[in-house]
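# Commentary on secondary and tertiary structure
Given next are the chains, with one letter for each unit.
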Amino acid sequence: MRRSTIWVLVVVIVLGTAAFGAWRGYRSFMDNLIAERCYVDTDGERLMLTHEQASNAAIIVAASYVADLPERAAIVALATAWQESGLRNLDYGDRDSLGLFQQRPSYGWGTEAEIMDPWYASAAFYEELVKFDDWESVDINDMAQQVQRSGFPDAYRQHEANAIALAGSLRGTRPATLACFDRGQDPGNADAFDAFIDVVPGVEYALEGNVITLTSDDPTSLWSATQLSLAHTRDGGIESATVGDQTWEQGEEARWGPAASPTAEGTAELRLY
């Protein structure tokens, strides 16, 4: 075999090995990127959300409590934001549209700074929603369209099922269905959960060491406060959560399961890093 041929083979092998290593590194990076998500289990399937989407969804749902509105309002709001922004707080849009709901300053929704505040934008949406006397009985898509007056009047319908599942998780009517996986393991920050626990009716909480204990006579409220908090796992650093005989902890599956050490009736525990 000629020396030149040998060198060609060596180069091919080296380049092939480097390419394979790069491909494996890329696959590993993508696997980690995809895994670090929030999940909602619904009807045998898993709805996957980025941490940004889950955090924004939690704000939308928490704002429905602040407005003293039922779960139906949160469903309409989530379906709307899913269509308008993909549950992302966008600083751009059609003409002067901005934020989660692509609200326009020129249409009187608020200033640019106000609309870019997810809490303000959610409150503004609910304020407009309740102006319609029959909003609780109108079809979800049609109600969203009445508020938004979109050029695509049926676009919200495709998000209804996801909005129902996510609203149910965050309002506590669908217990043990939401969890977030995060490899960060930064030190816990209990302050990240205050705004979300405070708004849930009938829930009290206390911090001792790295454990937040939630108490409530209403199981639905207890689950709501827990899963609203879990939607902010990346911000607050939750390592595990236990509600009664159900528990969740950080791991590849990020699923709820039977608790080895259940909490007392009417209590839940969030253990932070």
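Placed above this text is the structure.
Everything in this summary refers to the structure shown in the same document. (Residues numbered from 1 in each chain as written. Predicted model: local features only at pLDDT ≥ 70, side-chain atom pairs only at ≥ 80, totals over all residues. Heavy atoms only, no water.)

Once that is clear, we can look at the nonpolar core. General note: in soluble globular proteins, nonpolar side chains tend to be found buried as a group. Core analysis: the biggest nonpolar cluster contains 76 residues, and Y126 and L166 have the highest contact counts within it. Not counting residues within four places of it along the chain, the set of residues in contact with L166 comprises V40, L49, A57, L78, W82, L87 and L178. (Core = buried A, V, L, I, M, F, W, Y, C linked by side-chain atoms within 4.5 Å. Buried < 20%, exposed > 50% of the residue type's maximum accessible area, 1.4 Å probe, protein only. Contact = heavy atoms within 4.5 Å.)

This part is about the state of the cysteines. Per the counting criterion, the structure on display carries 1 disulfide. A sulfur-sulfur separation of 1.9 Å characterises the disulfide bridge that pairs C38 with C180. Sign of the S-S torsion, about 105° for the bond between C38 and C180, identifies this disulfide as right-handed. Here the residue C38 occupies a position in strand β1 (residues 38–42), and C180 occupies one in strand β3 (residues 178–180), the gap between them amounting to 142 residues. Judged by its relative accessible area of 0%, C38 is buried. (Disulfide = S-S within 2.5 Å. Helix = DSSP H or I, 4+ residues; strand = E, 2+ residues; numbered from the N terminus.)

This next bit is on the packing of helix α3 (residues 71–85) against helix α6 (residues 140–148). Where α3 meets α6, the closest approach of the two axes is 9 Å, and the angle between their N-to-C directions is 70°. The orientation of α3 with respect to α6, classified from their angle, is roughly perpendicular. Where α3 crosses over α6, the handedness of that crossing is right-handed. When α3 is examined against α6, the residues R72, I75, V76, A79, T80 and E84 are found in contact with a partner set consisting of I140, M143, A144 and Q148. (Axes fitted to C-alpha atoms, helices over the stretch in contact; angles between N-to-C directions. Parallel < 35°, antiparallel > 145°, perpendicular 65-115°, else oblique. Left-handed = near helix turned anticlockwise from the far one by under 90°.)

Counting through the fold element by element, I59 comes out in helix α2 (residues 51–66). Sequence separation between I59 and S122 is 63 residues, and the spatial gap between their C-alpha atoms is 7.7 Å. Setting aside chain neighbours within four positions, we find I59 in contact with P118, W119, S122 and F196.

Ordered in space as β2-β1-β3, the 3 strands form an open sheet in which the pairing is antiparallel. Only two strands of the sheet have a single neighbouring strand rather than two, namely β2 (45–49) and β3. Neighbour-to-neighbour, the strand axes of the sheet open up by a mean angle of 25°, direction not taken into account. Here 3 bridges tie β1 to β3, and the two strands are oriented antiparallel to one another. Its bridge partner being in β3, C38 is matched across the sheet by C180. Sheet strands touched by helix α7 (residues 160–171): β1, β2 and β3. Its angle to β1, the strand with the most contacts, is close to 105°. (Pairing = 2+ DSSP bridges.)

The 6 strands are arranged β4-β5-β9-β6-β7-β8 in an open sheet whose pairing can be described as antiparallel. Only two strands of the sheet have a single partner each, and these edge strands are β4 (204–208) and β8 (257–258). Relative to strand β7 (residues 246–249), strand β6 (residues 238–243) runs antiparallel, the two being bridged by 4 bridges. Bridge pairing in β7 links T242 to T247.

A few words on helix α5 (residues 118–129). Between its first and last C-alpha atoms α5 spans 16 Å; for 12 residues at 1.5 Å apiece the expected length is 16 Å, and the two agree. Buried residues of α5: P118, A121, S122, A124, F125, Y126 and L129, and no others. Here the buried face of α5 lies against α2, α3, α4 (112–115) and α6. Taking the backbone nitrogen of W119 as reference, a side-chain oxygen 3.0 Å away marks D117 as the first, capping residue of α5. (Expected span 1.5 Å × (residues − 1). Polar contact = N/O pair within 3.5 Å; in protein donor to acceptor, adjacent residues only side chain to side chain.)

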